[in-house]
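This is what each chain is made of:
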Amino acid sequence: MKIQDKVIWITGGCSGMGLASMELFLSKGAKVMVTDINEEKGKTLTYEYGANVIFYKADMTKTDELQAAVNGVMSKWGRLDVLLACAGGGGLTWALPMAPTPESVQSGGSFNWQYTNEGPGSLEAFVKDININLIGNFDAGRLAAFEMMKNKPNEKGERGAIIFISSISANKRHSPGFNCGYASSKAGLLGLTKEMSVNFAPGGIRVNSILPGFFDTKIVEEIKGIAGAQWQEAAIFPKEPGDPKCVATMATEIVENYFVNNATIEVTAGFTATASYQ
Ligand SMILES: NC(=O)c1ccc[n+]([C@@H]2O[C@H](COP(=O)([O-])OP(=O)(O)OC[C@H]3O[C@@H](n4cnc5c(N)ncnc54)[C@H](O)[C@@H]3O)[C@@H](O)[C@H]2O)c1
């Protein structure tokens, strides 16, 4: 699908991969609706990037806010062609909480872990991750596809494209152990990709997932101290955090390449060749 003049909805577009993707889609002649909970940044987008960007504050866990944003983009530009669902979040969601031993923290090398014995992990924290990353993306996907179905199909029969951002955490070969909620939700997105790609195929809507490795963006701030160095080491080449632009270019390629459907595309610097950093 050509990107020029298309309308792209980017969730979580105020930062990191979403923001980098917004810039790239704009440079290719698209119009972009950004939704995010970061109202302060969101309100500056049109001023900074021009009238081809609109912003709505929409929390992925609030269906009325997502629906209001979709209504807004339809009344502004009259169509929706692409959903790039970047918004996500995740905290420490142990089933049995652990912490690095004081000795391993002091030595500054690889951590050794021990149970904190403070009781079972938080159910609330687990549910929070599932709500944002899995249920929120199902919600955005169904709302977007409903509008895409109104598009006249192009010469290949395409009406739209949906891209979910999964994570290395969804991969069987990588297990930090503290990511029960996040990993489950991101693995769930791979199932959602498969189901929606079949569900939407008769309508000419492709559904794919990008699976990023370690990117030094805001989302990893909380866990960087206990995982960042190991994650970086786990990449094969290059051994450095990813640049959000690497996800942005993959997203535009997926939109432009009509033959990519039901795919999970890894952007990890080879991270997945390693087993576990623990
Ligand atoms: N950074 C990494 O290493 C990494 C690795 C794998 C996957 N991911 C995934 O990539 C996606 C983009 O993350 P990023 O690295 O660009 O992080 P980021 O923190 O820079 O951007 C995430 C954006 O999502 C927004 N957001 C958070 N919760 C939201 C909610 N409930 N509703 C609406 N917006 C919300 C934030 O305000 C922020 O603007 C996320 O889904 C994340 O899980 C990141």
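For the structure, see preceding data.
Quick caveat: nothing in here was measured; it's all calculated off a predicted structure.

*Asks:* For the site of the ligand, give the residues involved together with the corresponding values.
*Replies:* Taken together, 27 residues form the shell around the ligand, and within it Ser15, Asp36, Tyr182, Phe215 and Thr217 come nearest. Contact with the protein chains removes 94% of the 830 Å² of surface that the ligand exposes when unbound. Counting atoms within 2 Å of the grid points, the majority share of the ligand lands in the largest pocket. Partitioned by chemical class, the residues of the shell around the ligand number 15 nonpolar, eight polar and four charged.

*Asks:* Quick rundown of the nonpolar core? Include the residues and the values.
*Replies:* Counting residues in each nonpolar core, the largest one holds 31 residues, and the members touching the most others are Met22 and Phe25. Secondary-structure elements contributing two or more residues to this core are β1 (7-11), α1 (16-27), β2 (31-36), β3 (53-57), β4 (82-85), β7 (160-165) and α9 (244-256). The element that contributes the greatest number of residues to this core is α1, accounting for five residues. Setting aside anything within four residues of it in sequence, one finds Met22 in contact with Ile10, Val32, Val34, Leu45, Tyr49 and Val53. Core analysis: the second largest hydrophobic core is formed by 30 residues, Trp9, Leu80, Ala144 and Leu192 among them.

*Asks:* So what about the layout of surface pockets? Which residues, and what values?
*Replies:* Using a probe with the size of a water molecule, rolled over the atoms, empty space left in the structure can be pinpointed. Approximately 1,000 Å³ is the volume found for the largest pocket. As for the largest pocket, its lining consists of 47 residues, of which Cys86, Ala87, Gly88, Gly89 and Ile219 are closest to the centre. Elements represented by at least two residues in the lining of the largest pocket include exactly α1, β2, α6 (123-148), α7 (180-200) and α8 (221-234). For the lining of the largest pocket, the leading source of residues is α6, giving five residues. A per-class count over the lining of the largest pocket returns 21 nonpolar, 20 polar and six charged.

*Asks:* Lay out the environment of Gly88 in plain terms, naming residues and giving numbers.
*Replies:* Along the chain, Gly88 turns up in the loop between β4 and β5 (98-100). A relative accessible area of 31% means that Gly88 is categorised as partly exposed. A sequence separation of 94 residues divides Gly88 from Tyr182, and the C-alpha atoms of the two residues are 9.0 Å apart. Sequence-distant contacts of Gly88, that is, excluding residues within four places in its chain, are made with Ile132, Asn133 and Ile219.

*Asks:* Tell me about the packing of α1 against α9, and please be specific about residues and values.
*Replies:* Describing two packed helices takes the angle between their axes plus the distance from one axis to the other. At a minimum axis separation of 8 Å, α1 and α9 run at an interaxial angle of 55 degrees. Between α1 and α9, the interaxial angle falls into the category oblique. Our pair here, α1 against α9, has a crossing hand that is right-handed. Facing Gly16, Met17, Ala20, Ser21, Leu24 and Phe25 of α1, the residues of α9 in contact are Pro244, Lys245, Val247, Ala248, Thr249, Ala251, Thr252 and Val255. Grouping the constituent residues of the contact of α1 with α9 by class yields nine nonpolar, four polar and one charged.

Basis of the calculations
Residues numbered from 1 in each chain as written. Predicted model: local features only at pLDDT ≥ 70, side-chain atom pairs only at ≥ 80, totals over all residues. Heavy atoms only, no water. Near = heavy atom within 4 Å. Areas by Shrake-Rupley, 256 points an atom, 1.4 Å probe, with all protein chains shown as cover. 1 Å grid on protein atoms, 1.4 Å probe; cavity = no way out; pocket = protein on both sides within 12 Å on 5 of 7 lines; lining within 4 Å. Sits in = over half its atoms within 2 Å of the grid points. Nonpolar A, V, L, I, M, F, W, Y, C, P; charged D, E, K, R; others polar. Core = buried A, V, L, I, M, F, W, Y, C linked by side-chain atoms within 4.5 Å. Buried < 20%, exposed > 50% of the residue type's maximum accessible area, 1.4 Å probe, protein only. Helix = DSSP H or I, 4+ residues; strand = E, 2+ residues; numbered from the N terminus. Contact = heavy atoms within 4.5 Å. Points joined across faces, edges and corners; volume = space filled by probe spheres on them. Axes fitted to C-alpha atoms, helices over the stretch in contact; angles between N-to-C directions. Parallel < 35°, antiparallel > 145°, perpendicular 65-115°, else oblique. Left-handed = near helix turned anticlockwise from the far one by under 90°.

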